[in-house]
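# Geometric and topological summary
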Amino acid sequence: MSRCRAGALVVVAAGLACAQPSSPPGGQQDRVPPRVVSVSPAPLATLGDLRSPVRIEFDERLSIRLDGVRDLADAVVVSPATGAVRVKRSRRALEISIAGGWRPGLVYRVVVLPVFRDLFGNQRVEPIELVFSTGAPILPTAVAGFVEDRLTGTPVDGARIEALRRADSLVYVAVSDTGGFFSLRNLPGGEYDVRAWLDTDRDREPDFREPQETAGLTLGQEDTVVLSLALLPMDTTPARLLRVEAVDSVRVRLHFDDYFPPGPVPSRAALFALPDSTIEGEGMLLHPAALDSILARERALADSLRMAEDHARRAAADTGAAPPGDTTAAAARRPAVTRVPPPGGVPGQPPRAAVGRRGAGAGSAPLPSQQLILVLPVPMQPGVTYVVEASGLTNIRGIPGGGGTARFVAPARAAPAPTVPGDTTVPGDTTAPAAPPIGP
């Protein structure tokens, strides 16, 4: 290698080393993501004929790395969708256009998702939004709301929402954020068909395997419509009974391969005893959330009665009178005793109980379940093998004809608990304790 060529390589290597991103010597490290310094066209501008691309300029160079999207076209949402989105990136700018050009007489909304970062790894956390018109009036309308997973109740990030206007078949597009929130603004009035789905394959088309939901709405010239969209996997088959298990002597848990919504279950199930298949009767099917609610009300009523009786005993002791049912002479001679009222509200008033979805805050809506609870009119015989036959069930997608049969063995009767000092249980009392919640 000649001395001149070696010297040239040294100069090139030194130049590449200087081109690497680094903070100025002695200066503060860059911790600020790229900021927008100019946009074209201007926000809310009305242009008769726009032929140039939308241009967004930043205050620093953009990294080629994108987070959470497949390519540059996935990083930008143009609404209404009148053509394929095309994005060009230069050192400090994005140029956005659509196939066929910007159509006249529309209001366009261009949203750049927060997937861009600078050379130091500082990523934007807020989207960039630009609204402009190619001749149509910019109306103060909005369709907004939240997208959640119907089975888990959690918000869905990155769901695609499309609102098709029936009058002209134009499709307006939005993408939900990390909190499941979406918004479609400045839409023309009219009737719309809204579809939301989790676009897992990024093809911008709802597939059968992708969870989705649809809704219809009418939008006025100054309306704001709020939607709550819950995504569900598509389904074409009825629910099938997989297995059953006894909870106690009068309750059986049924497990299915499909989900049921909270609320009434318009079906019943029959119980047969083996080996002669003697029918033991029909029982009521309940969603676990409904049964938990019933049990909570029963516990609250029992607590209320117990507190009322305790209050009556305390009042009798305070006045020296005999408690209800106490007819002994000694009771009449009891001295009056000053007592402190029990904490926790008015005596006789049941404590407030919140019944909601498991793992969520108080007041949350119950979640769908793959289980149903069969409540029997009479107790089962311990150790006997039974068969449950369920039919006429409708799953969460509204598909009827669900059911099936499954067998189980009734549990053995629990041995009586030993008597301990201070135990107030009456000998021979077979009253079962209050059952705990048995949600999914």
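Everything that follows concerns the structure shown earlier in this document.
None of the values given here were measured: they were computed from a predicted structure.

### Remarks on the sheet that holds strand β3 (residues 76–79)
With antiparallel pairing, the three strands of this open sheet are ordered in space as β3-β6-β7. Two strands close off the open sheet at either side, each with one partner strand: β3 and β7 (128–133). Strand-to-strand twist of the sheet, defined as the mean angle between neighbouring strand axes without regard to direction, takes the value 10°. When strand β6 (residues 107–112) meets β7, the two strands line up antiparallel, connected through six bridges. Note that in β7 the partner of Y108 across the bridge is F132.

### Observations concerning empty space enclosed by the protein
Unfilled space is identified by rolling a water-sized probe across the atoms. As enumerated under the stated definition, the model contains one cavity of 30 Å³ or more in all. As a volume, the largest cavity reaches approximately 60 Å³. Lining the largest cavity are L271, E280, G281, L376, P377, V378, P379, M380 and Y386. In terms of residue class, the lining of the largest cavity is made up of seven nonpolar, one polar and one charged.

### With respect to the nonpolar core
Ranked by internal contacts, the top residues of the largest apolar core, which has 51 residues, are I96, W102 and F116. Those residues in contact with I96 that sit more than four places away from it in its chain are P53, V54, I56, V76, V78, V85, R86, V87, W102, V110 and V112. In terms of nonpolar packing, the next biggest core, distinct from the first, is built from 23 residues, F256, L374, L376 and M380 among them.

Rules used in this analysis
- Residues numbered from 1 in each chain as written.
- Predicted model: local features only at pLDDT ≥ 70, side-chain atom pairs only at ≥ 80, totals over all residues.
- Heavy atoms only, no water.
- Pairing = 2+ DSSP bridges.
- Helix = DSSP H or I, 4+ residues; strand = E, 2+ residues; numbered from the N terminus.
- Axes fitted to C-alpha atoms, helices over the stretch in contact; angles between N-to-C directions.
- 1 Å grid on protein atoms, 1.4 Å probe; cavity = no way out; pocket = protein on both sides within 12 Å on 5 of 7 lines; lining within 4 Å.
- Points joined across faces, edges and corners; volume = space filled by probe spheres on them.
- Nonpolar A, V, L, I, M, F, W, Y, C, P; charged D, E, K, R; others polar.
- Core = buried A, V, L, I, M, F, W, Y, C linked by side-chain atoms within 4.5 Å.
- Buried < 20%, exposed > 50% of the residue type's maximum accessible area, 1.4 Å probe, protein only.
- Contact = heavy atoms within 4.5 Å.

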